[in-house]
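For reference, the chains in residue letters:
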Amino acid sequence: MNTIGYSKSHSYMLDLLMQQKTQLENKSIQLTSGLKSQTYGGISSDSRMALELRREISNIEVYEDSNAIASIQLDLMGKSLEHMEKMRSESVSAIDENNYTLTTDGQTTSQQATEIMLHETISQLNSEVNGYYLFGGKDATEPPVASLDAIMDGQGGKLGLKELMKRYENAHVGASENGRIESSVTNPLGVPTLTLQQDNVEGFGFEITSVSASSADVATAVTPEDLTDPANPEGKKGTFAFNDTPSVGDTIEVELELPDGSKSVVKLTATDDPDAGEGTFLIGTGANPALESAENAQAAFDKAIGNIAKTELRAVADVQAGEEFFGNHGRTDPAPKVPKANGSGYETAPDLLVDWYTGTENSDDPRSDKVVQIDDNVRVEYGARANESAFSEQLQNLAVFVAADFTAKTPDDAESEAVAKSYYASLAGKSDDALSVAGDRNSGIQSVASEMSVVNTTVKRTAERQKQASLTYHNTLTGLENVDKTEVGTEIAVLKTDLDASFQATSILLNLTITDFLR
């Protein structure tokens, strides 16, 4: 009986010691790793939730890089747009139609200031982040906008803006610098008749829209163009038939339409004062006063129309050249019209102009060029192209003004310098108007900036939401998987005490040494 009791006690004490030893080893592992268990089986009741939380955390980490890159690109794009808008605003102040001050290099002071802004605009449109050019469209790995020198002077045998402007000026102003309005005085049936006639070449120059006279003594008429003989087309013309000699104060006028649709009226007043000056014609006093009056009116019309041709019409020609040059990207018909050098019509050969823009070109929305998934159900689009109207129009208006030649045709000649100054005022006014924004409206660049700001806000808010969610998931996961090391340390101390007590009891019972037990 004593043997059986001893045997049971022996077995029980050894089992207890082994259990306590195992518990101590497990707690030591927990204290070292900080985890409740080395496998999810050890936290079976919470394992499913822990796995789901880790999946959510991993999912967020997938978006962190794309969100960070998108945020950097949008931040830089926002700064570029802000700087370009500043250049637009400052150019409006710099281009002063009343500040005709030439420098030694032939530019006006306004042009010099505007050229700096043009350089800055091109630089911003060539902004890049880690090899991606922000305003080049899809997968843009090269600067999308050509250098200022290439834009102005051409490259690789292709024409630049300056040459195109010169060709449009020649085409519209004409070799005689009269806007392609030829004048003549004839005397059919004894009635002196002054005729102003378009030369009818490709729509270049002025169009005569109306002629009128204040006196019944001068009969007026407009005759439409006649194309019945293709070899000898007759341009539209306006006539003034002087049935009698005009009286002092009588007026005659012609209304001319410029290629941009604007109108200019030349009005002449009959006078008997030889020194009356511009806007008048001298009444004849010779043997045939009506004929002499018509010839004097012809000379006055020629001078007045010529002045408009060399100033307002030339400025319109420059603007049209700019539209063709910068509009040869991003429009339905990309083929620009290039006048022949002699102004006799348009070139038929394609691809004559330098490509100022070399980024993505198609009919897709430019924003879709850059699409980034920033969350499971959220994606953003923030592609941009330098040939969008918001950017190309600013480039156009700045570049045309910078490219213009405002020097007098004949230096130190008062009349020539007056024409140059008037031409400057006309183009400066058009450039200033095109760059200005009325009232509280947004400029094109401000509108794009607003779009990008909304996208950037979405990216940042999504990133912040994901950051908070990830923090919550990590905290919850910590509670499921991790141990309280202070608590575990206390448990280990208790287990060691219990194990020591159990060992001493067993040692007494079995007369074992700890060395024997550990063996």
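Since this is a predicted model, take the numbers as computed values, not measurements. (Residues numbered from 1 in each chain as written. Predicted model: local features only at pLDDT ≥ 70, side-chain atom pairs only at ≥ 80, totals over all residues. Heavy atoms only, no water.)

*Asks:* Before we go on, may I ask you to explain the sheet that holds strand E6 (residues 218-223) in this structure?
*Replies:* Pairing between the strands of a sheet is mediated by backbone hydrogen bonds and can be parallel or antiparallel. With antiparallel pairing, the four strands of this open sheet are ordered in space as E3-E4-E7-E6. Single-partner strands in this sheet number two, and they are strand E3 (181-186) and E6. The sheet shows a mean angle of 15° between the axes of neighbouring strands, direction not considered. Set on the sheet, helix H6 (residues 289-326) makes contact with E3, strand E4 (193-198) and strand E7 (237-242); between it and E3 the angle comes to about 175°. (Pairing = 2+ DSSP bridges. Helix = DSSP H or I, 4+ residues; strand = E, 2+ residues; numbered from the N terminus. Axes fitted to C-alpha atoms, helices over the stretch in contact; angles between N-to-C directions. Contact = heavy atoms within 4.5 Å.)

*Asks:* Which parts of the structure should I look at to understand the environment of Leu 159?
*Replies:* Checked against the element boundaries, Leu 159 lands in the loop between helix H4 (148-153) and helix H5 (161-173). Here the alpha-carbon distance between Leu 159 and Asp 355, two residues 196 residues apart in the chain, equals 9.4 Å. When residues no more than four places from it in sequence are discounted, the contact partners of Leu 159 are Gly 154, Arg 167, Phe 325, Val 338, Leu 352, Leu 353 and Val 354.

*Asks:* Just checking my understanding: could you explain the pairing of strand E8 (residues 251-257) for this structure?
*Replies:* Regular strands place side chains that alternate from one sheet face to the opposite one. Relative to E8, strand E5 (residues 207-213) is paired through six bridges, and the arrangement is antiparallel. By the bridge assignment for E8, Ser 212 is matched with Glu 253. Examined bridge by bridge, E8 and strand E9 (residues 263-271) share seven bridges and lie antiparallel to one another. By the bridge assignment for E9, Glu 255 is matched with Val 265. The hairpin formed by E8 and E9 contains five residues between the paired strands, and Gly 261 there has a positive phi angle of roughly 95°.

*Asks:* Could you clarify how one ought to interpret the sheet that holds E8 in this entry?
*Replies:* Strand order across the open sheet formed by four strands is E5-E8-E9-E10, with mixed pairing between neighbours. If you trace the sheet from one side to the other, it starts and ends with E5 and strand E10 (280-282), each paired once. Taken over all neighbouring pairs, the strand axes of this sheet differ in orientation by 20° on average, direction set aside. The pairing of E9 with E10 spans three bridges and is parallel. Along E10, the bridge assignment pairs Thr 271 with Leu 282.

*Asks:* Is there a simple way to think about the layout of surface pockets in this case?
*Replies:* The method is simple in principle: a probe with the dimensions of a water molecule rolls over the atoms, and the space it marks as empty is what remains. Computed from the structure, the largest pocket encloses a volume of approximately 630 Å³. Along the wall of the largest pocket there are 22 residues; nearest its centre are Glu 169, Glu 177, Arg 314, Asp 405 and Lys 409. At seven residues, H5 tops the list of elements feeding residues into the lining of the largest pocket. (1 Å grid on protein atoms, 1.4 Å probe; cavity = no way out; pocket = protein on both sides within 12 Å on 5 of 7 lines; lining within 4 Å. Points joined across faces, edges and corners; volume = space filled by probe spheres on them.)

*Asks:* Even after reading the chapter, I still don't get the packing of aromatic side chains, so can you show me in this structure?
*Replies:* Geometrically, a pair of aromatic rings is defined through the distance of the ring centres and the angle of the planes. Taken as a whole and judged by the stated rule, the model has eleven aromatic pairs. With 6.0 Å between their ring centres and 50° between their planes, Phe 401 and Tyr 424 make a pair best called tilted. Of this pair, Phe 401 sits in helix H7 (residues 389-403) while Tyr 424 sits in helix H8 (residues 414-435), and the two are 23 residues apart along the sequence. For the pair formed by Phe 401 and Tyr 424, the shared burial category is buried. The rings of Tyr 100, Phe 401, Phe 406, Tyr 423 and Tyr 424 are connected pair by pair, giving a single aromatic cluster. Sitting above the plane of the Tyr 423 ring, Arg 314 keeps its charged end 3.9 Å from the centroid. The lysine or arginine in question, Lys 370, covers the ring of Tyr 132, its NZ or CZ lying 4.3 Å from the ring centre. (Phe/Tyr/Trp six-rings, centres within 6.5 Å; stacked < 30°, edge-to-face > 60°. Buried < 20%, exposed > 50% of the residue type's maximum accessible area, 1.4 Å probe, protein only. Lys NZ or Arg CZ within 6 Å of the ring centre and 35° of its normal.)

*Asks:* What am I meant to see in the pattern of salt bridges here?
*Replies:* One side chain can pair with another of opposite charge once the charged atoms of both are near each other. Inspection of the entire model under this criterion finds 16 salt bridges. Where Arg 167 meets Glu 163, a salt bridge forms, and the shortest distance between an N and an O atom there is 3.1 Å. Of this pair, Arg 167 and Glu 163 both sit in helix H5, four residues apart, roughly one helical turn. You can call Glu 163 partly exposed: its relative accessible area is 28%. The partner of Lys 263 in a salt bridge is Glu 257, with the nearest N and O atoms 4.0 Å apart. Through salt bridges with shared partners, one network takes in Glu 163, Arg 167 and Glu 347. (Salt bridge = Lys/Arg side-chain N within 4 Å of Asp/Glu carboxyl O.)

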